[in-house]
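Spelled out from the first residue to the last, the chains are:
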Amino acid sequence: MRTAALVRRLQSRTAELVWRLLSLIRIARFSLLTGGILLLALLLRLVGLTWGFPHSFNVDESHVVYLASQLAQRFSQTGSLDPQASSYGALPLYLLALSTALADGALTWLKTLVALPFDSAPMLYVGRLLAVAASTATVGLTMALASALGHEGTALMPRQQRAALWSGLLLAISLLPVREAHFGTVDSLLVLLMMLALLAAARLARTGAWRDYVLTGAAVALAMSVKIGAGLLVVPVLVAHLAHIRGSRGTRAVPSCPYMMYMMLCGLVVVVLWLALNPYALLDPAAYFDLDRNDSVRTQSLVVAGSLRVLYTAQFEGTTPYLYAVTNWLRYGLGLPLTGLSLAGVGYSFWRLWQARREIFSAGAASESAALSSGGSQVPPDPQVWGNWFADAFLLAWLLAYFVVAGGAYAKFIRYALPLIPPLCILAGRLLADLWDGPRRWRLGLRLVVLLIVAAGLLHTLAFVQIYRQPDVRLQAADWIRKQIPAGASILVEKDEGLLLHRAAAEYGLEGYEWRIWNPYEVAGVSSVRYQAPEVSAEQTEAYLRNLLTTDYAIVGSSWAERFTAAAAQFPAQADFYRRLSAGQAGYRVLKTFEVTPRLGPFAWDDRGAELTFRLFDHPAITIFVAAAEMPAEK
């Protein structure tokens, strides 16, 4: 009897503990799922992070590392903090140089404790780790913004929690942010600070406190210290400012006059903090406005706008503004399933905005009529309706402002789509949360559709990151050349910073060959001015290129061929050169092609139609041609 009672007591206590544990799990479910999403985002961004190492095949990554290393060297020698460039703000260069110095110091200390196989932290790898950290943190800020825009009162409703979770999950698995996190460039940091500014502005709209105006101004200044184009954040900040004034109308909290002072304070913080971080805008204005410097703000602004037609943007000739952003940026940066979902989220947001606007205006008219008849004050809008209206208006204002500027530019590099991705994921996440709780009779089908779309997006990204787990095509090509092409052979290569074959001896150790370099920036002894095409006639260019085709082998990538083909009307000789070479009409035949296709198991994804730099930096195509006389007949 005593034993049976003891067993029943143990069973009761065990059941109670299990129940408490399950209750704690239900309470902490949101936190656990948030942690899981952040872990997934981190793992996807860490896959193959050392790809191509120690080489840097991304031109922007190489430039950032070069500027930061030069900055660190000047500081150690003279104490100067002048970055001597302005196309990127000073903040990412300071951050990279400081982080590398701290990493070197940490390694020096660790070496006193344990034996390490390396002596220093390569700046290239530190830059990539910073990009991973910034991109992963952006997922967290996106979830925080989704929660803030759905926040009413002191707690989050379950649907608002789900919207935040869906938003974070979509951004975690979106291909373009994952891809950009594999480069030590400034873009991941830029998007992080943009999301920080949007989160601060959303809080500003809710509280209207002067501290939030200061925080918003500081976040905007930090983002502008990465790239000056982040000044577009003024649009959502103004929407938040006006929304707070409109939402508090009829209350006696604070009159409207101080809000104007707060907005001026916000602008003052932006100017002061930006100048504090970029003092050489005043001390060395030539770095910002000299047209002869390719990395000046003025030069890059003209290049992006198309006012300065440089050779490295020729691939955008004939592209359609705005449409290109949808059919190329989103299609390849997100994949078709997530692109469709994002566009549906935008449409759903416009519909919600229209519905909320009707409710607000009808309620406002009734409130104004009642106030006039009773002589009282006007009742402020319903908080829930007003919050829904603001959430959609706020996100759409940012999306439209950025889309109008970036989508209408001449140079449409796919990385320019990055600031669009987090807001699109929030809008798509809100749509998924509502679909998940759709009508009961449709709920199972809707949930299956939701899961299929998310699974397709994840598989799309998993297929792409496999390219970072195998040897880079440039290293494959270099190894093949070393083994298959006899020493002393003459080889024609392009001057292409994405391939680096014009520096084959230094980069790949390919010595003993006679290298001939086709440099599009220098034709028949005439050099380019400001990276534009050399002023040489088509006939002279054709003769020059014909004289180059006298080598035993020719190795070309896809970048210059695509550029000159897209702008064939401006560069007929160059376009014809690549056409004849690929068609076997220039006395050469294809000997070997190196190409990596995003693949997951038996499924491959053809991305040859993506914007050039989407492929050039991490998986370009390389073709090796051999002169017809050099190829044995049996081959």
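Residues numbered from 1 in each chain as written. Predicted model: local features only at pLDDT ≥ 70, side-chain atom pairs only at ≥ 80, totals over all residues. Heavy atoms only, no water.

Caption draft 1: Here's a closer look at the overall build of the protein. Scanning the protein for helices and strands turns up 25 helices and 9 strands. With 635 residues in all, the protein has 49% of them scored as buried. Element-wise, carbon and sulfur atoms account for 63% of the exposed surface of the protein, whose accessible area totals about 29,800 Å². (Helix = DSSP H or I, 4+ residues; strand = E, 2+ residues; numbered from the N terminus. Buried < 20%, exposed > 50% of the residue type's maximum accessible area, 1.4 Å probe, protein only. Areas by Shrake-Rupley, 256 points an atom, 1.4 Å probe, with all protein chains shown as cover.)

Caption draft 2: Spatial organisation of the packing of aromatic side chains. Using the criterion set out here, one finds 32 aromatic pairs in the structure. Judged by centre distance (6.2 Å) and plane angle (80°), the rings of Trp-605 and Phe-614 are edge-to-face. A relative accessible area of 18% means that Trp-605 is categorised as buried. In textbook terms, an aromatic cluster arises when at least three aromatic residues are bridged by ring pairs, as seen for Tyr-312, Trp-518, Tyr-521, Tyr-531, Tyr-544, Trp-560, Phe-564, Phe-571, Phe-577 and Tyr-578. Seen from the ring of Tyr-410, Arg-309 lies directly overhead, with NZ or CZ sitting 4.0 Å from the centre. The residue whose ring lies beneath Lys-412 is Tyr-324, and the NZ or CZ to ring-centre distance is 5.9 Å. (Phe/Tyr/Trp six-rings, centres within 6.5 Å; stacked < 30°, edge-to-face > 60°. Lys NZ or Arg CZ within 6 Å of the ring centre and 35° of its normal.)

Caption draft 3: Highlighting helix α23 (residues 559–566). For α23, the set of buried residues is Ser-559, Trp-560, Ala-561, Arg-563 and Phe-564. Residues of α23 that are buried in the fold lie against β1 (490–494), β2 (514–518), β5 (553–557), α24 (572–582) and α25 (612–616). (Contact = heavy atoms within 4.5 Å.)

Caption draft 4: Here's a closer look at helix α20 (residues 473–484). If you check α20, its first and last C-alpha atoms are 16 Å apart, about what 12 residues at 1.5 Å a residue would give, namely 16 Å. Against the buried residues of α20 lie β1, α21 (504–508), β5, β6 (588–594), α25 and β9 (622–627). (Expected span 1.5 Å × (residues − 1).)

Caption draft 5: Broad picture of the packing of helix α5 (residues 123–149) against helix α18 (residues 421–436). One way to put it is that α5 packs onto α18 with a least axis distance of 10 Å and a crossing angle of 50°. Between α5 and α18, the interaxial angle falls into the category oblique. Between α5 and α18 lies a crossing whose hand is right-handed. Two secondary-structure elements touch here, α5 through Thr-138, Thr-142, Leu-145, Ala-146 and Leu-149 and α18 through Pro-422, Ile-426 and Arg-430. The residue inventory of the contact of α5 with α18, partitioned by class, reads 5 nonpolar, 2 polar and 1 charged. (Axes fitted to C-alpha atoms, helices over the stretch in contact; angles between N-to-C directions. Parallel < 35°, antiparallel > 145°, perpendicular 65-115°, else oblique. Left-handed = near helix turned anticlockwise from the far one by under 90°. Nonpolar A, V, L, I, M, F, W, Y, C, P; charged D, E, K, R; others polar.)

Caption draft 6: Layout of the pattern of salt bridges. Summed over all chains, the structure comprises 24 salt bridges. The salt bridge involving Arg-580 is made with Asp-576; its shortest N-O contact spans 3.1 Å. One end of the pair is Arg-580 and the other is Asp-576, both in helix α24 and 4 residues apart, which spans about a single turn. Owing to a relative accessible area of 22%, Arg-580 belongs among the partly exposed residues under this scheme. (Salt bridge = Lys/Arg side-chain N within 4 Å of Asp/Glu carboxyl O.)

Caption draft 7: Broad picture of the sheet that holds β2. Taken in spatial order, the 5 strands of this open sheet run β2-β1-β5-β9-β6, and their pairing is mixed. Of all strands in the sheet, those bounded by a partner on one side alone are β2 and β6. When the angles between neighbouring strand axes are averaged without regard to direction, this sheet yields 25°. In the sheet, β6 pairs with β9 via 6 bridges, with the strands oriented antiparallel. (Pairing = 2+ DSSP bridges.)

Caption draft 8: Expanded view of unusual backbone geometry. Pro-54 follows Phe-53 through a cis peptide bond whose omega is 10°. As for its position among the elements, Pro-54 is in the loop between α2 (29–46) and α3 (59–78). In this model, Tyr-531 sits at a positive phi of 60°, which is unusual for a non-glycine residue. As for its placement among the helices and strands, Tyr-531 is situated in the loop between β4 (526–527) and α22 (538–548).

Caption draft 9: Inspection of a nonpolar patch on the surface at higher detail. A cluster of nonpolar side chains, namely Trp-109, Leu-110, Leu-113 and Val-114, defines an oily patch on the protein surface of about 410 Å² accessible area. The topology assignment puts Leu-113 in the loop between α4 (90–111) and α5. (Patch = residues over 30% accessible without salt bridge, like charges linked within 9 Å, V, L, I, M, F, W, Y side chains within 5 Å.)

Caption draft 10: Layout of the nonpolar core. Counting residues in each nonpolar core, the largest one holds 177 residues, and the members touching the most others are Leu-145, Leu-233, Trp-329, Phe-394, Ile-481 and Trp-518. Per element, the largest residue contribution to this core is 14 residues, and it comes from helix α8 (residues 187–207). If near-sequence neighbours (up to four positions away) are discounted, Phe-394 is found in contact with Leu-145, Leu-149, Leu-198, Ala-201, Ala-202, Pro-236, Val-239 and Ala-240. (Core = buried A, V, L, I, M, F, W, Y, C linked by side-chain atoms within 4.5 Å.)

Caption draft 11: Broad picture of the pairing of β5. The element β5 is largely enclosed, with a buried count of 5 among its 5 residues. Pairing between β1 and β5: 3 bridges, direction parallel. From the neighbouring strand, Leu-492 faces β5, where its bridge partner is Ala-554. Here β5 runs beside β9; their pairing, made up of 5 bridges, is antiparallel.

Caption draft 12: Structural view of the pairing of β1. Counting buried positions along β1 gives 5 out of 5 residues, so the element sits mostly inside the fold. Burial along β1 is two-sided: the face carrying Ser-490, Leu-492 and Glu-494 and the face carrying Ile-491 and Val-493 are both buried.

Caption draft 13: Layout of the side chain of Lys-412. The topology assignment puts Lys-412 in the loop between α17 (383–407) and α18. Within polar-contact distance, the side chain of Lys-412 engages the backbone oxygen of Ala-409 at 3.2 Å. Those residues within four positions of Lys-412 in sequence are excluded, and the remaining contacts are Phe-316, Thr-319, Thr-320, Pro-321, Tyr-324, Trp-329, Gly-407 and Glu-611. (Polar contact = N/O pair within 3.5 Å; in protein donor to acceptor, adjacent residues only side chain to side chain.)

Caption draft 14: Looking closely at the packing of α2 against helix α6 (residues 158–173). Relative to each other, α2 and α6 sit at 10°, their axes nearing to 9 Å. Between α2 and α6, the crossing angle belongs to the class labelled roughly parallel. Along its contact with α2, which presents Phe-30, Leu-33, Thr-34, Ile-37, Leu-40, Ala-41, Leu-44 and Arg-45, the element α6 presents Gln-161, Ala-164, Leu-165, Gly-168, Leu-169, Leu-171, Ala-172 and Ile-173. Taken together, the residues of the contact of α2 with α6 break down into 12 nonpolar, 3 polar and 1 charged.

Caption draft 15: How the structure looks around empty space enclosed by the protein. In the structure shown here, the tally under the stated rule is 5 cavities of 30 Å³ or more. A volume near 80 Å³ is recorded for the largest cavity. Along the walls of the largest cavity sit Arg-45, Ser-135, Thr-138, Val-139, Leu-171, Pro-177, Glu-180, Ser-188, Val-191, Leu-418 and Pro-422, which together make up its complete lining. Where the lining of the largest cavity is concerned, the elements lending two or more residues are α5, α7 (175–180) and α8. (1 Å grid on protein atoms, 1.4 Å probe; cavity = no way out; pocket = protein on both sides within 12 Å on 5 of 7 lines; lining within 4 Å. Points joined across faces, edges and corners; volume = space filled by probe spheres on them.)

Caption draft 16: Examining the environment of Ala-181 more closely. Within the secondary structure, Ala-181 sits in the loop between α7 and α8. Accessibility expressed as a relative area gives 0% for Ala-181, which makes it buried. As for Ala-181 and Leu-44, which are separated by 137 residues in sequence, their C-alpha atoms are 9.4 Å apart. Residues in contact with Ala-181, not counting those within four places in the same chain, are Arg-45, Leu-49, Arg-128, Ala-131, Val-132, Ser-135 and Ser-188.

Any functional reading would require information that these geometric values do not contain.
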